[in-house]
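In case you want the letters, here they are:
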Amino acid sequence: SGSLERHVFVDDKKDKKIVNDCPVLSFDEFCHIDAGPKSTAVAIAGSNARKSIHSRMQERGVHSCSVLASNSVQLQDVQIGEGCILCPFTTITS
């Protein structure tokens, strides 16, 4: 039996049910899915909101993950922390 990856958006406002062909779940719905280990990438511009969401996720045992576009570039000596999101054509220099 292999692993199954499922991508969802987590949004407590839930203005839509589907975004980019992915289901939109509330925070509680996401936390109650019986899916084994879960991880998230928090894509919120406001640092205070991002920290708050990250803390809520950690309290529920949800880990951070990074999302890296296949054509993003990281040059030597670059250290990027867990939870980063690198979009297509992003270049990180040292």
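Model, not experiment: these values are computed from the prediction. (Residues numbered from 1 in each chain as written. Predicted model: local features only at pLDDT ≥ 70, side-chain atom pairs only at ≥ 80, totals over all residues. Heavy atoms only, no water.)

Re the overall build of the chain
Next, step 1: In terms of regular secondary structure, the chain is built from two helices and nine strands.
Next, step 2: Helices and strands in the chain line up, N terminus first, as β-β-β-α-β-α-β-β-β-β-β.
Next, step 3: Referenced to the eigenvectors of the C-alpha coordinate spread, the extents of the chain come out at roughly 40 × 40 × 25 Å.
Next, step 4: For the chain, buried positions account for 18% of its 94 residues.
Next, step 5: Taking the contacts inside the chain whose residues are at least 6 apart along the sequence as the reference set, 21% of them involve residues at least 24 apart. (Helix = DSSP H or I, 4+ residues; strand = E, 2+ residues; numbered from the N terminus. Buried < 20%, exposed > 50% of the residue type's maximum accessible area, 1.4 Å probe, protein only. Contact = heavy atoms within 4.5 Å.)

Some thoughts on the nonpolar core
Next, step 1: In terms of nonpolar packing, the biggest core is built from six residues, these being Leu25, Phe27, Phe30, Cys31, Met57 and Val62.
Next, step 2: At three residues, the largest contribution of residues to this core is made by helix H1 (residues 27–32).
Next, step 3: The contact partners of Met57, leaving out residues within four places of it in the chain, are Val10, Phe27, Phe30, Thr40 and Val62. (Core = buried A, V, L, I, M, F, W, Y, C linked by side-chain atoms within 4.5 Å.)

Looking at the packing of aromatic side chains
Next, step 1: Tallied over the entire structure, the rule returns zero aromatic pairs.
Next, step 2: Above the ring of Phe30, the side-chain terminus of Lys38 is found at 5.5 Å from the ring centroid.
Next, step 3: The ring of Phe27 has Arg56 lying over it, and the distance from NZ or CZ to the ring centre is 3.9 Å. (Phe/Tyr/Trp six-rings, centres within 6.5 Å; stacked < 30°, edge-to-face > 60°. Lys NZ or Arg CZ within 6 Å of the ring centre and 35° of its normal.)

Honestly, that's just the spatial picture; any functional story needs more than this.
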